[in-house]
Amino acid sequence: MLGVGTGLKFTKKQQIFLNKHAIYTCALGGRRRKKYEDIFPGLKSLQRRDENGHNYNKVVKKGKKDKKTKRTFFEELAVEDKQAEEEEKALKEKEQQQQQQQQQKKKRDTRKGRRKKDVDDDGEEKELMERLKKLSVPVSDEEDEVPTLVPRGGKKTKGGNAFAALIQDQSEEEDEEEEKHSPKPAKPEKNRINKGSEEEGEEEEEEGEPKADDLYAHLSKKEKKKLKKQMEYERQVASLKAANAAENDFSVSQAEVSSRQAMLENASDIKLEKFSISAHGKELFVNADLYIVAGRRYGLVGPNGKGKTTLLKHIANRTLSIPPNIDVLLCEQEVVADETPAVQAVLRADTKRLKLLEEERRLQGQLEQGDDAAAERLEKVYEELRATGAAAAEAKARRILAGLGFDPEMQNRPTQKFSGGWRMRVSLARALFMEPTLLMLDEPTNHLDLNAVIWLNNYLQGWRKTLLIVSHDQGFLDDVCTDIIHLDAQRLHYYRGNYMTFKKMYQQKQKELLKQYEKQEKKLKELKAGGKSTKQAEKQTKEALTRKQQKCRRKNQDEESQEAPELLKRPKEYTVRFTFPNPPPLSPPVLGLHGVTFGYEGQKPLFKNLDFGIDMDSRICIVGPNGVGKSTLLLLLTGKLTPTRGEMRKNHRLKIGFFNQQYAEQLRMEETPTEYLQRGFNLPYQDARKCLGRFGLESHAHTIQICKLSGGQKARVVFAELACREPDVLILDEPTNNLDIESIDALGEAINEYKGAVIIVSHDARLITETNCQLWVVEEQSVSQIDGDFEDYKREVLEALGEVMVNRPRE
């Protein structure tokens, strides 16, 4: 230490200061040393000893060296310190080399016994990567526009699907952890940061103290890499199943959440701007906006195959940014078939109520044992149960099940004894019982009979929370919905009011667009006649549109800047027209059942001494709850079932056209629609395609195998077949299933224009009322005509269930 044996006396503070800064003073030179000489005056006459113990009383002048030693006192200190550092560094390097040699020896011993195994691992690794590539999601155009993330190594990664984002996030987290534990090199090279940090991270794991990662310490580097890929693959598959259990070929992108929207995370409304969804490489939504106001009942409408169900699934899976305080439920899967009674399956959906009841039983047991501390908590549990209406829960569940067609015996029947359609009704009952903040129903009337549809229609009119429905039943949408969301041109358009109001507003909007288009075409024609080229005329028209947009933007300054203007296109009208050829006149009796008794083997007879007949002017709709024999009656009329007693009589020239709700059974799945009609009716190729096109089947679907068509497309093939048969009587069993609203309207118009007899079994109220059908109800093993119209029948059904008919004025 300085000052020892020098004859100088320093305070403790000065001694510490000198020892700390002596080396730096020597290195910095005269100016800094002058500063310390001013602080410590005795430094100029500092006395030193040499190695032999001789004293030297030399004055060390500023900036000059000792003449004999040629070194100042500070320089000698620096040299000694430098030598000590070099010795310490050499010792550390030697220790590191010994550790590396030991590690390499261990690795060599481990690899000797695993070389044969590594060869097999290579094949498994390739197979794993191939499986991973098959599961990868195609990138949508919207995702390509998202700015790509730049990793620390400086290499950009292209914007990809959800899997790619997941891998990137995981790799970044791992890199950050490795950086925390790995030693930083003195002079890192920029182009080797990623690689270096990864290798150093692995070495640190081997050298560090035992941790959770040491479970894999016995594995080789190659095995660890393979295990890491396997884990990534499993995580990707799990996230894929969570995102969409049915389909795995979706791509979603969404604009960043604005600061204003981030502040409203606890709001009850949903506001999603500029989201895009593609499925199987096809764009369904492009820069669309979703606005859902709490307490409103929305109907989502649009042609088949445009993405309505896909949107509901993405909302339910929260692939889109739904506020976290909004609980969402999509009713799409039937309940599990087990020993649970139907009413208990509904009650168990309310997990909060079950937990409170369990806690109540536990606290009561503690009170009985003398634990008075549980009394206060038990009182709070009672208050929560009263607030949730737990006492009336079972009565509410039974009311919902009764409305959906379950009699008291069926309500206590195990779910495994129900068919898929009835288990779907139990699932719907669970959704209605839970009352989520946002309830989404996808074609809820498909699995219901007319009586259940009437009850559900009436029940949902009093729904106080938010509702989003996809349905093809126009009467249902008219009664239930307060707003309509129209999916058109990959965007969502909003209309206030029910479906009838939307239809009027949409038709008016289409007329205005057509006028604007015709005006634009007239202007282009005038410009071309004035000597402008097509390109110049279009450019001038676009400039005029831009000026018009800017003018509108000044009026609405709060609105964001709009996209670059494009020339208007002719509005496309989605029109479907069904036609059935009119039959020749037939003399009565045309078709009838006389004294018919029928029942399935081992079951109670459905009909006893039934008398029922029609003529060529008949328009009849058969109604009644499920299971009373409506479809059986139609099969008896067509001759597909033989009566146990009595007979079916018909005109010998009568041709019957029968649409079975199980229409897939009558189609040949391996044929194309064109081949099916050609074989059945000996039609030329073009005539077969014309017939299919007349019923709204797209041209590209004419040459696809029937097994690859959607339900709605298959139904159109069956209608085309009916038209080719030129029937005298149409017997239709649930013909509206899988048809969109436009097609149902077309079917109603075709029935009204048809001159033959028509018998329908349908749950679509609008089809029944539009075709002016007489209502015949199946009950008490017979069929009888109803006195009154459809509104009278609705009132009768609701009164039988103990419900009050809601007469809500339509908006």
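Computed from a prediction, not measured in an experiment: that's the story for all the values here.

**Q** Could you give an account of a negative patch on the surface, with specific residues and numbers?
**A** On the surface, Glu779, Glu780, Glu796 and Glu799 cluster together into a negatively charged patch. Take Glu780: it is sitting in the loop between strand S19 (774-779) and strand S20 (782-785).

**Q** Residue-level account of a positive patch on the surface, with values.
**A** A contiguous patch of positive charge, built from Lys282, Lys306, Lys569 and Lys572, is present on the exposed surface. Residue position: Lys569 is located in the loop between helix H20 (534-555) and strand S12 (591-598).

**Q** Mind laying out unusual backbone geometry, listing which residues take part and the relevant values?
**A** Pro588 connects to Pro589 through a cis peptide bond whose omega is 0°. With respect to the helices and strands, Pro589 occurs in the loop between H20 and S12. A positive phi angle is found at Arg318, which is not glycine, with a value near 60°. Relative to the elements of secondary structure, Arg318 occurs in the loop between helix H10 (308-316) and strand S7 (328-331). The exposure class assigned to Arg318 is partly exposed, which follows from its relative accessible area of 36%. Positive phi, close to 65°, is recorded for Gln490, a residue that is not glycine. Along the chain, Gln490 falls in the loop between strand S10 (483-488) and strand S11 (491-496). For Gln490, a relative accessible area of 30% gives the class partly exposed.

**Q** Residues and numbers for the pattern of salt bridges, please.
**A** All chains considered together, the criterion is met by 22 salt bridges. Between Asp483 and Arg296 there is a salt bridge whose closest N-O contact spans 2.8 Å. Highlighted residues: Asp483 in strand S10 and Arg296 in the loop between strand S5 (282-292) and strand S6 (297-301), separated in sequence by 187 residues. Accessibility assignment for this pair places Asp483 and Arg296 in one class, buried. Between Arg496 and Asp483 there is a salt bridge, with its nearest N and O atoms 3.4 Å apart. Highlighted residues: Arg496 in strand S11 and Asp483 in strand S10, separated in sequence by 13 residues. The exposed category is assigned to Arg496, whose relative accessible area is 53%. It is possible to trace a salt-bridge network through shared partners that takes in Glu359, Arg362, Arg377 and Glu384.

**Q** So what's going on with the packing of aromatic side chains? Residues and values would help.
**A** Applying the stated rule across the entire model yields 16 aromatic pairs. Both rings, one in Tyr291 and one in Tyr494, keep their centres 5.8 Å apart while their planes meet at 50°; by these two values the pair is tilted. Here the residue Tyr291 occupies a position in strand S5, and Tyr494 occupies one in strand S11, the gap between them amounting to 203 residues. Residue classification places Tyr494 among the partly exposed residues on the basis of a relative accessible area of 31%. The ring of Phe433 carries the charged tip of Lys396 above its face, separated from the ring centre by 5.3 Å.

**Q** Talk me through the sheet that holds strand S13 (residues 607-614); I want residue IDs and the actual numbers.
**A** Pairing is antiparallel across the open sheet formed by three strands, whose spatial order is S13-S12-S15. With partners counted over all chains shown, the strands left at the sheet margins are S13 and strand S15 (645-650), one partner each. Going across the sheet, the axis of each strand differs from the next one's by a mean of 10°, ignoring polarity.

**Q** Talk me through the pairing of S6; I want residue IDs and the actual numbers.
**A** S6 sits mainly inside the fold: five of its five residues count as buried. Here S6 shows two buried faces, one formed by Arg297, Gly299 and Val301 and the other by Tyr298 and Leu300. Sheet topology places S6 next to strand S9 (residues 466-470); four bridges connect them, and they run parallel. From the neighbouring strand, Arg297 faces S9, where its bridge partner is Leu467.

**Q** Any chance you could break down the environment of Leu667 for me, citing the residues and the numbers?
**A** Along the chain, Leu667 turns up in the loop between strand S16 (656-659) and helix H22 (673-681). Counting along the chain gives 50 residues from Leu667 to Val717, while the straight-line C-alpha distance between them is 8.7 Å. The residues touching Leu667, leaving out its near neighbours within four places in the chain, are Tyr676, Ile706, Lys714, Val717 and Val718.

**Q** An account of the packing of H22 against helix H23 (residues 685-694) is needed here, citing residue identities and associated values.
**A** The geometry of H22 relative to H23 is characterised by a closest axis approach of 9 Å and an angle of 115° between their N-to-C directions. Of the two possible hands of crossing, H22 and H23 adopt the one that is right-handed. Here Pro673, Thr674, Leu677 and Gln678 of H22 lie close against H23, whose contacting residues are Tyr685, Ala688, Arg689, Cys691 and Leu692. Classifying every residue of the contact of H22 with H23 by side-chain character gives six nonpolar, two polar and one charged.

**Q** Talk me through the pairing of S19; I want residue IDs and the actual numbers.
**A** As judged from the four bridges shared by strand S14 (residues 619-623) and S19, these two strands associate in the parallel manner. Residue pairing in the sheet places Ile622 in a bridge with Trp776 of S19. Examined bridge by bridge, S19 and S20 share four bridges and lie antiparallel to one another. Counted as the bridge partner of Glu779 is Ser782 from S20.

**Q** Kindly report on the nonpolar core, identifying the contributing residues and their values.
**A** Of all hydrophobic cores here, the largest spans 50 residues; its most connected members are Phe578, Phe580, Val623, Phe659, Phe719, Leu775 and Tyr793. Among the elements that line this core, the one with the most residues is helix H24 (residues 711-725), at seven residues. Excluding anything up to four places from it in sequence, Val623 contacts Leu450, Lys630, Leu775, Trp776, Val777, Val778, Ile786 and Tyr793. One finds Phe406, Leu428, Leu432 and Leu439 within the second-largest nonpolar core, a separate group that totals 37 residues.

**Q** Now, about helix H16 (residues 420-434): what can you tell me, with residues and values included?
**A** Note: α-helices contain 3.6 residues per turn, so residues at a spacing of three or four share the same orientation. Under the 1.5 Å per step criterion, the end-to-end length of H16 is 21 Å for 15 residues, consistent within 8% with the ideal 21 Å. The element H16 is largely enclosed, with a buried count of 11 among its 15 residues. Residues of H16 that are buried include every one of Trp422, Arg423, Met424, Arg425, Val426, Ser427, Leu428, Ala429, Ala431, Leu432 and Phe433, and no others. The elements touched by buried residues of H16 are S7, helix H11 (342-347), helix H14 (393-403), helix H15 (408-411), strand S8 (438-442) and helix H17 (450-460).

**Q** Give me the lowdown on the sheet that holds S8, citing residues and values where you can.
**A** Ordered by their spatial adjacency, six strands build an open sheet running S7-S8-S9-S6-S10-S11, and the pairing between neighbours is mixed. The sheet is open, and its two borders are formed by S7 and S11, each paired with just one other strand. With strand direction ignored, the average angle separating the axes of adjacent strands in the sheet is 20°. In the packing of H10 onto the sheet, contacts are made with S6, S7, S8, S9, S10 and S11, and the angle to S8 comes to roughly 150°.

**Q** An account of the packing of H16 against H17 is requested, with residue identities and associated values reported.
**A** Across the interface, H16 lies against H17 with an axial gap of 13 Å and an inter-helix angle of 10°. Relative to H17, the element H16 is oriented roughly parallel. Classified by chirality, the crossing of H17 by H16 is left-handed. Counting all contacts with H16, which are made through Arg425, Leu428 and Leu432, the residues of H17 involved are Ala452, Trp455, Leu456, Tyr459 and Leu460. Taken together, the residues of the contact of H16 with H17 sort by class into seven nonpolar, no polar and one charged.

About the thresholds
- Residues numbered from 1 in each chain as written.
- Predicted model: local features only at pLDDT ≥ 70, side-chain atom pairs only at ≥ 80, totals over all residues.
- Heavy atoms only, no water.
- Patch = residues over 30% accessible without salt bridge, like charges linked within 9 Å, V, L, I, M, F, W, Y side chains within 5 Å.
- Areas by Shrake-Rupley, 256 points an atom, 1.4 Å probe, with all protein chains shown as cover.
- Salt bridge = Lys/Arg side-chain N within 4 Å of Asp/Glu carboxyl O.
- Lys, Arg positive; Asp, Glu negative; His and termini not counted.
- Charge placed at Lys NZ, Arg CZ, Asp CG, Glu CD.
- Helix = DSSP H or I, 4+ residues; strand = E, 2+ residues; numbered from the N terminus.
- Buried < 20%, exposed > 50% of the residue type's maximum accessible area, 1.4 Å probe, protein only.
- Phe/Tyr/Trp six-rings, centres within 6.5 Å; stacked < 30°, edge-to-face > 60°.
- Lys NZ or Arg CZ within 6 Å of the ring centre and 35° of its normal.
- Pairing = 2+ DSSP bridges.
- Axes fitted to C-alpha atoms, helices over the stretch in contact; angles between N-to-C directions.
- Contact = heavy atoms within 4.5 Å.
- Left-handed = near helix turned anticlockwise from the far one by under 90°.
- Nonpolar A, V, L, I, M, F, W, Y, C, P; charged D, E, K, R; others polar.
- Core = buried A, V, L, I, M, F, W, Y, C linked by side-chain atoms within 4.5 Å.
- Expected span 1.5 Å × (residues − 1).
- Parallel < 35°, antiparallel > 145°, perpendicular 65-115°, else oblique.

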